[in-house]
Structures are given as C-alpha cells and as structure tokens.
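Residue-level structure breakdown
Spelled out, the chains give:
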Amino acid sequence: MTAPLHHPLPEGIPFYQPVAAECTLFETAHAKGLPLLLKGPTGCGKTRFVEHMAARLGRPLYTVACHDDLSASDLLGRYLLRGGQTEWVDGPLTRAVREGAICYLDEVVEARRDVTVVLHPLTDNRRTLMLDRTGEELQAPPRFMLVASYNPGYQNILKRLKPSTRQRFLSISFGFPEPETEARIVARESGLDPARVAPLVRLAGHIRALAGMDLEEGVSTRLLIYTATLIAGGMPLERALQAAVIEPLTDEPEVVQALRDLISVVYG
Ligand code: ADP
C-alpha cells in the first residue's frame, strides 16, 4: 500500500512523510498523556517524526542524545556556581515537564542506569518528576509528553531495554519506508531528480538484504539522502556512493567488494 501523500505543510513544520498510522498514534498518546517508544534502526526518520509532531501539536521540543555518560543530573539539572552563589539550573527533562513540552530521549538505552529510576514515576499514572536535590516533586501537566527511541538492532545484549522500563511505553516500530515512499523522501530532501533517485533506492534494498550477514545494519534513509545530495550537487555517482554509502557502512575489504558488486548489479 502506498503511504498517503503529504499535504503542503504550514510554515515551520518540518517535512515528514508518514509511513503508516504513526501520526495518529502520536497524537492519541499526547492527548492521553502516555509515553511513546520509537524502535528502529538509525537514520530511518524517528527524530524527524518527533520534530514534525511537536511542531504540529505546537509544543516545544527538548531533544537529548543519550550516551553512556549521561546521568540523571544531566536530565534533571544541577546546582551551579554563579557569581559566587549556587543556583539551581533545570536540565532538559525538568524544563520540559515545567513547560508542558515534549521531551525526546534519543537512544535511551545508552544512558546510565540512574536515568531509568527518574523515568519510572514519570511514565506511569503518577506522571511525577522527583527533584531530590531541590526537594521538589513536579506533577507533569497534561501537555507534557515523553518520547524515547531505541535501536533493537544493536547486538549488545547488555544494551537491551529492560522489560520494567519498556512496558511503561506505548511502542511503535520504524523500519525503512517502502521503496516508493523512500524515493519520495530522498527526492524531496536532496532535490535530486526522481528518475535518478529510483536506482539508489533499489540499491538500498539490495544492501539491506545483506544486513545481519555481512553488514551490521543496512544503509539508512539518511545515507541515501547524503548520496543523492552529493549527486545533485554535481559529484560523479561513483564518488558519491563511495563517500556516502560504502565508507560509512564498512571497513572490511570483502564487504566493500560485496557492496561494489551490488552497485554494478543496479547500475550495470
Ligand atoms: P533517526 O532519528 O531514525 O536516526 P532521522 O529522523 O534523523 O533518523 O532521519 C534521517 C533523515 O532521513 C532525516 O533528516 C530526514 O531527512 C530523512 N527522513 C527519514 N524518514 C523520513 C520521513 N518519513 N519523512 C521525511 N524525512 C525522512
């Protein structure tokens, strides 16, 4: 089934091409105060989706790229010394709760363990955020929403999201879009002629079939957009594919060869 065509967007709303019923799910989750988990590989449109929905719902968005050093204080806030005085400064999660904004924790599993402790009371019917350091207990207003993303493709078992955390979120899986939809996205984002986008998307299909065997993860929509942008900017096809597909995907000479073979299958 072809995804619905996007209607022209009011100014300031980032373009997002829906692939299924994800916009309705997001709107319902927001209206009902439920947290949402987006599962899927890198570069498949999760962040763009959240940016689009936050703008559509007219809510400010706080995005936090989680990493293995990110602690609860990074999200909640901390006392800082300013002009000889200590002053409490809210972190992005606290600010989002106070303002009734949307907080997006990208790659939430990467964060340190103490982060989940903070999230639990916020993701059940209490919807509270405890600031132990200031003694505050914030009640999240109805328009506040927590969104997190998670890449289940990571092989590292230690990086799986614990059931006690994941069962607190509504969840939706993102895969790569259908070829026709992906071609529309790549053409729109890169400005490359659709006739030249089509073989790129076909190539992506072949490369993704290798994922899990020779490749850890298939080529992302993001990389296809990079490739198409380079081509639209006048770079020869071969160099664009080298810089935006082959090099980002692998360091292994055999896999490089396998990718080159696929390129010749598609481009002859
Ligand atoms: P993720 O957060 O899943 O890693 P992003 O949202 O950053 O991926 O997507 C990478 C790029 O791909 C975006 O900047 C956007 O240009 C494009 N993209 C992917 N999917 C879509 C989509 N459905 N609609 C519009 N753009 C998309």
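Criteria and cut-off values
- Residues numbered from 1 in each chain as written.
- Predicted model: local features only at pLDDT ≥ 70, side-chain atom pairs only at ≥ 80, totals over all residues.
- Heavy atoms only, no water.
- Helix = DSSP H or I, 4+ residues; strand = E, 2+ residues; numbered from the N terminus.
- Buried < 20%, exposed > 50% of the residue type's maximum accessible area, 1.4 Å probe, protein only.
- Contact = heavy atoms within 4.5 Å.
- Areas by Shrake-Rupley, 256 points an atom, 1.4 Å probe, with all protein chains shown as cover.
- Lys, Arg positive; Asp, Glu negative; His and termini not counted.
- Charge placed at Lys NZ, Arg CZ, Asp CG, Glu CD.
- pLDDT = per-residue confidence, 0-100.
- Axes fitted to C-alpha atoms, helices over the stretch in contact; angles between N-to-C directions.
- Parallel < 35°, antiparallel > 145°, perpendicular 65-115°, else oblique.
- Left-handed = near helix turned anticlockwise from the far one by under 90°.
- Nonpolar A, V, L, I, M, F, W, Y, C, P; charged D, E, K, R; others polar.
- Phe/Tyr/Trp six-rings, centres within 6.5 Å; stacked < 30°, edge-to-face > 60°.
- Lys NZ or Arg CZ within 6 Å of the ring centre and 35° of its normal.
- Near = heavy atom within 4 Å.
- 1 Å grid on protein atoms, 1.4 Å probe; cavity = no way out; pocket = protein on both sides within 12 Å on 5 of 7 lines; lining within 4 Å.
- Sits in = over half its atoms within 2 Å of the grid points.
- Domains from an automatic or database assignment.
- Points joined across faces, edges and corners; volume = space filled by probe spheres on them.

A few points about the overall build of the protein chain
Across its full length, the protein chain holds 11 helices and nine strands. Referenced to the eigenvectors of the C-alpha coordinate spread, the extents of the protein chain come out at roughly 65 × 40 × 40 Å. Here the protein chain, with 268 residues, has 46% of them falling under the buried criterion. Contacts in the protein chain between residues at least 24 apart in sequence constitute 70% of all its contacts with a sequence separation of at least 6. When the accessible surface of the protein chain is totalled, it reaches about 13900 Å², and 52% of it is carbon and sulfur. Across the protein chain, the centroid of the 29 positively charged side chains sits 6 Å from that of the 32 negatively charged ones.

Some points on the confidence of the model for the protein chain
For the protein chain, per-residue confidence averages 92 on the pLDDT scale, and 94% of positions sit at 70 or higher. Low confidence marks residues 1-6, where pLDDT is under 50. Its contacts with residues over four positions away, or in another chain, come to 15 contacts.

Looking at the packing of helix 7 (residues 179-190) against helix 8 (residues 194-210)
At a closest axis distance of 9 Å, the pairing of helix 7 and helix 8 adopts a crossing angle of 125°. Judged on the interaxial angle alone, helix 8 and helix 7 are oblique. The interaxial crossing formed by helix 7 with helix 8 has right-handed handedness. On the side of helix 7, the interface is formed by P179, E182, A183, V186 and A187, while helix 8 contributes P194, V197, V201 and R208. Residues that form the contact of helix 7 with helix 8 fall into these classes: seven nonpolar, no polar and two charged.

Concerning the packing of aromatic side chains
Taken as a whole and judged by the stated rule, the model has four aromatic pairs. Relative to F49, the ring of F26 lies with its centre 5.4 Å away and its plane at 85°, an arrangement referred to as edge-to-face. Residue F26 is located in helix 1 (residues 22-32), and its partner F49 is located in helix 2 (residues 46-56); the two are separated by 23 residues in the primary sequence. Grouping residues by exposure puts F26 and F49 together as buried. Seen from their ring centres, F49 and F174 are 5.4 Å apart, and the 50° between their planes marks the pair as tilted. A residue pair is termed long-range when its members are at least 10 positions apart, and F49 in helix 2 and F174 in the loop between strand 9 (170-173) and helix 7 qualify at 125 residues. Put simply, the rings of Y16, F26, F49 and F174 pair up and form one aromatic cluster. Between the NZ or CZ atom of R188 and the centre of the ring of F15, over which it lies, the distance is 4.1 Å.

A word on the site of the ligand
Around the ligand there are 16 residues in total, and Q17, G43, T47, R48 and E189 lie nearest to it. When the ligand is considered free in solution it has 560 Å² of accessible area, and contact with the protein chains removes 90% of it. One can see that the ligand is located within the largest pocket. Among the elements of the structure, helix 2, helix 7 and helix 9 (221-232) are those that each provide at least two residues to the shell around the ligand. Its residues assigned to classes, the shell around the ligand comprises six nonpolar, six polar and four charged. Mapped onto the domain boundaries, the shell around the ligand takes at least three residues apiece from domain 1 (22-173) and domain 2 (179-267).

Details of the environment of F144
Among the secondary structure elements, F144 is positioned in the loop between strand 7 (136-139) and strand 8 (145-150). Along the primary structure F144 and V97 are separated by 47 residues, whereas in three dimensions their C-alpha atoms are 5.9 Å apart. Not counting residues within four places of it along the chain, the set of residues in contact with F144 comprises L93, A96, V97, G100, A101, C103, L122 and R127.

Some thoughts on the layout of surface pockets
There is about 450 Å³ of room inside the largest pocket. Taken together, 23 residues make up the lining of the largest pocket; nearest its centre are G43, C44, G45, K46 and R48. If you list the elements that add at least two residues to the lining of the largest pocket, you get helix 2, strand 5 (102-106), helix 7 and helix 9. Tallying contributions element by element places helix 9 first for the lining of the largest pocket, with four residues. Classifying every residue of the lining of the largest pocket gives 10 nonpolar, seven polar and six charged. Two domains each provide a minimum of three residues to the lining of the largest pocket, namely domain 1 (22-173) and domain 2 (179-267). Taken as a whole, the second largest pocket spans an internal volume of roughly 320 Å³.

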